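Survey of secondary and tertiary structure
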Amino acid sequence: MGVNEEPRTVRVDIGELVFDGFGRLDPERVSDAFQRELARLVRERGVPVAADGDRALEALAGLPPLPATTSPARLGEALARAVHSGLSGRGDPR
């Protein structure tokens, strides 16, 4: 960061996550793992699609598949990596 640059804020609002085909999951543990991993990825790698200023995406499609797992932590982390991939320009923004 340069001398006169201010830290940038990235805001990701997710209204609802729906998991079909995963059986019973603890949604709070999935959400906690998702938030931690997404924050880490944004902090370490940034968000290239937002590099030129404000940008809003209504949905992301074409994301990598999630692993078939019953581990809330593993699923949350994989979901964060998939979302970050979409925010990094991989996948199809809608």
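Below you will find a few notes about this structure. (Residues numbered from 1 in each chain as written. Predicted model: local features only at pLDDT ≥ 70, side-chain atom pairs only at ≥ 80, totals over all residues. Heavy atoms only, no water.)

Section: the overall build of the chain
Counting its secondary structure elements, the chain contains two helices and two strands. Beginning at the N terminus, the succession of helices and strands in the chain can be written as α-β-α-β. Relative to its full complement of 94 residues, the chain shows a buried share of 29%. Within the chain, contacts between residues at least 6 apart in sequence are counted, and of these 78% link residues at least 24 apart. Of the roughly 6,900 Å² of accessible surface on the chain, 46% is carried by carbon and sulfur atoms. (Helix = DSSP H or I, 4+ residues; strand = E, 2+ residues; numbered from the N terminus. Buried < 20%, exposed > 50% of the residue type's maximum accessible area, 1.4 Å probe, protein only. Contact = heavy atoms within 4.5 Å. Areas by Shrake-Rupley, 256 points an atom, 1.4 Å probe, with all protein chains shown as cover.)

Quick notes on the pattern of salt bridges
What the rule picks out here adds up to three salt bridges. The residue Arg40 makes a salt bridge to Glu44 at a minimum N-O spacing of 2.7 Å. Highlighted residues: Arg40 and Glu44, both in helix 1 (residues 27-45), separated by four residues, approximately one helical turn. On the basis of relative accessible area, Arg40 is assigned to the partly exposed category, the value being 26%. On the basis of relative accessible area, Glu44 is assigned to the exposed category, the value being 53%. (Salt bridge = Lys/Arg side-chain N within 4 Å of Asp/Glu carboxyl O.)

Focus on the nonpolar core
In terms of nonpolar packing, the biggest core is built from eight residues, these being Phe34, Leu38, Val42, Val47, Leu79, Ala80, Val83 and Leu87. Looking at this core, the elements that each hand over two or more residues are helix 1 and helix 2 (72-87). For this core, the element with the most residues is helix 2, which contributes four residues. (Core = buried A, V, L, I, M, F, W, Y, C linked by side-chain atoms within 4.5 Å.)

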